[in-house]
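Reading the structure
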Amino acid sequence: MTNYLLAGGGTAGHVNPLLALADLIRREEPDAGIVVLGTREGLEARLVPERGYELVHIERLPFPRRPDLAAVRFPARFARAVAQVRRLIRARDIDVVVGFGGYAAAPAYRAGARERVPVVIHEANAKPGMANRWGARSTPHVAVTFAGTPMPGARVTGMPLRPEITGLDRAALRADARRHFGLDPERRTLLVTGGSLGARALNRGISGSARALADAGVQVLHVWGGLTELEDPRVPGYIVIPYCDRMDLAFAACDLAVSRAGSTTVSELSGLGIPAVLVPYAVGNGEQRFNAAGVVQAGGALLVDDGELTADWVRDELLPLLADDARLEEMSRRARSAGRLDGTERLFDLVREAIGAPGT
């Protein structure tokens, strides 16, 4: 029996690939031991137990970025966290540590190295986070989602994705998926989503043209998110929902997506061959623009900034694209060529290699 310690969390971009790998391990090795290391503050605190996995909490330890009191205290706090994980590794007889970035990952990387346990790192974004950049210095087992990610020696595995996405037959489900959301099974459909929190400029930039879209015969499924109060333009055929717990059906329903460029979303859209307009989040370290680069260069998506999402852009760019069957079909083909749906299996292969499993 193999015992796995999976570390990471904070955001969906860290938690979802962790859970995808955990689910595959559970299917392939039903007797495996799986322990997840995370914080009480991140999404893992809810999502991991909901999925049926044990979650061990660790203190949230941001890397200090300025010379203040937190920086002075950080070394001792980090050493205590590493000691805690080392005790966990010994108590659970852990065979491999797999980290996905976030606050829980760095102590796990150091503890694994100190206990001489193989460490595998998966980096979701094309612009790596600090914990993974630091951890990659001490292990040869590094996986990345996007080609060109600046982590020397890394293997491109793609993004670990949920089975409901990797096994999705969009064509077979399209009519039923549209009915699920109260849409016409026969009409051209646009999906708009800014992620779980939403995106103010993206939301208002598209919803402000609801009437023009409807007049052009386009129906819209708009996943508004939770960042701002939902605004429904109340136009027939323009469906606004705050959240969507069936994104597989949303993907099946649409002909084109307008979306933020989070690593998971880009991986899902390109893997499924969904033409997209990607609108990178402008705040932070700019990783979303890098995430989008591969599929945009392949011709499977367009890159548009928040400020470009105007009524003129909808009229001059979006509506002609939605009406062009040949262009949408070509974008779909090019998106699929830039994406992959086997990221979970490829990461698991790397994990098994790291522990020297038979047949790898």
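Okay, so let's go over this structure. Here the structure is a predicted model, which is why all the values come from computation and not from measurement. (Residues numbered from 1 in each chain as written. Predicted model: local features only at pLDDT ≥ 70, side-chain atom pairs only at ≥ 80, totals over all residues. Heavy atoms only, no water.)

Turning next to the overall build of the chain. Scanning the chain from terminus to terminus reveals 15 helices and 13 strands. Dimensions of the chain, computed from C-alpha atoms along their principal axes, come out at roughly 65 × 50 × 35 Å. Residue pairs in contact within the chain that sit at least 24 positions apart in sequence constitute 64% of those at least 6 positions apart. Of the roughly 16,000 Å² that the chain leaves accessible, carbon and sulfur atoms contribute 49%. Charged side chains in the chain number 44 positive and 42 negative. The centres of these two groups are separated by 7 Å. (Helix = DSSP H or I, 4+ residues; strand = E, 2+ residues; numbered from the N terminus. Contact = heavy atoms within 4.5 Å. Areas by Shrake-Rupley, 256 points an atom, 1.4 Å probe, with all protein chains shown as cover. Lys, Arg positive; Asp, Glu negative; His and termini not counted. Charge placed at Lys NZ, Arg CZ, Asp CG, Glu CD.)

It is worth spelling out the nonpolar core at this point. Membership of the largest hydrophobic core comes to 34 residues, with the highest contact counts inside it found for Phe181, Leu191, Phe251 and Leu278. Breaking this core down by element, the ones donating at least two residues are strand S9 (219–223), helix H10 (247–253), helix H11 (263–272), strand S12 (276–278) and helix H12 (287–298). Top element by residues in this core is H10. It accounts for six residues. In this structure, phenylalanine 181 is in contact with Leu221, Ile239, Ile241, Cys244, Arg246, Leu249 and Ala250, ignoring residues within four places of it in sequence. Counting residues in each nonpolar core, the second largest holds 28 residues, with Ala199, Trp313, Leu322 and Leu328 among its members. (Core = buried A, V, L, I, M, F, W, Y, C linked by side-chain atoms within 4.5 Å. Buried < 20%, exposed > 50% of the residue type's maximum accessible area, 1.4 Å probe, protein only.)

Another aspect to go through is the sheet that holds strand S10 (residues 238–241). Taken together, six strands build an open sheet; the order of strands is S10-S9-S8-S11-S12-S13 and the sheet is parallel. In the strand order of this sheet, the two ends are held by S10 and strand S13 (301–303), each with one partner. Across the sheet, the axes of successive neighbouring strands diverge by a mean angle of 15°, strand direction being ignored. Both strand S8 (residues 189–193) and S9 contribute to a ladder of five bridges, which runs parallel. Looking across to S9, one finds that leucine 191 is bridged to leucine 221. Strands S8, S9, S10 and strand S11 (256–259) of the sheet are contacted by helix H8 (residues 200–207), whose axis makes an angle of about 155° with S8. (Pairing = 2+ DSSP bridges. Axes fitted to C-alpha atoms, helices over the stretch in contact; angles between N-to-C directions.)

By the criterion of burial, strand S5 (residues 119–123) is predominantly enclosed, with five of the five residues buried. Of the two faces of S5, the one carrying Val119, Ile121 and Glu123 and the one carrying Val120 and His122 are both buried. Pairing geometry for strand S4 (residues 96–99) and S5, over three bridges, is parallel. Along S5, the bridge assignment pairs valine 97 with valine 119. In this fold, S4 hands off to helix H4 (residues 105–114), which returns the chain to S5; that crossover is right-handed. As paired elements, S5 and strand S6 (residues 141–144) share four bridges and run parallel to each other. Paired with isoleucine 121 across the strands is valine 142, a residue of S6. (Right-handed = clockwise from strand over helix to strand, strands pointing away.)

On to the pattern of salt bridges, then. Inspection of the entire model under this criterion finds 26 salt bridges. Linking arginine 315 and aspartate 312 is a salt bridge whose minimum nitrogen-to-oxygen distance equals 3.0 Å. Pair noted here: arginine 315 and aspartate 312 are both in helix H13 (residues 311–322), with a separation of three residues, about one helical turn. Aspartate 312 sits in the partly exposed class, given a relative accessible area of 45%. In this structure, arginine 346 and aspartate 342 form a salt bridge, with 2.9 Å as the shortest nitrogen-oxygen distance. (Salt bridge = Lys/Arg side-chain N within 4 Å of Asp/Glu carboxyl O.)

Another aspect to go through is a positive patch on the surface. Taken together, Arg65, Lys127, Arg133 and Arg137 make up a surface patch of like positive charges. Turning to its location among the elements, arginine 65 is positioned in the loop between strand S3 (54–57) and helix H3 (69–91). By relative accessible area, arginine 65 is classed as exposed at 69%. (Patch = residues over 30% accessible without salt bridge, like charges linked within 9 Å, V, L, I, M, F, W, Y side chains within 5 Å.)

So, about unusual backbone geometry. Most of the time, phi is negative for any residue but glycine, and the peptide bond is trans. Residues other than glycine seldom take positive phi values, yet aspartate 93 does so here, at roughly 55°. Relative to the elements of secondary structure, aspartate 93 occurs in the loop between H3 and S4. Using a relative accessible area of 53% as the deciding quantity, one classes aspartate 93 as exposed. Of note, arginine 116 is a non-glycine position whose phi angle comes to about 60°, a positive value. Counting through the fold element by element, arginine 116 comes out in the loop between H4 and S5. Overall, arginine 116 belongs to the exposed group, its relative accessible area being 78%.

Spatial ordering of the open sheet is given by S3-S2-S1-S4-S5-S6-S7, a layout of seven strands whose pairing is parallel. Of all the strands in the sheet, just S3 and strand S7 (155–156) have a single pairing partner and so form its edges. Sheet topology places S6 next to S7; two bridges connect them, and they run parallel. In the sheet register, alanine 143 faces S7, and the bridge partner there is arginine 155. Those strands touched by H4 are strand S1 (3–7), strand S2 (33–38), S4 and S5, and its axis lies near 155° from that of S5.

Everything listed here is a matter of coordinates, which is why it stays silent on function.
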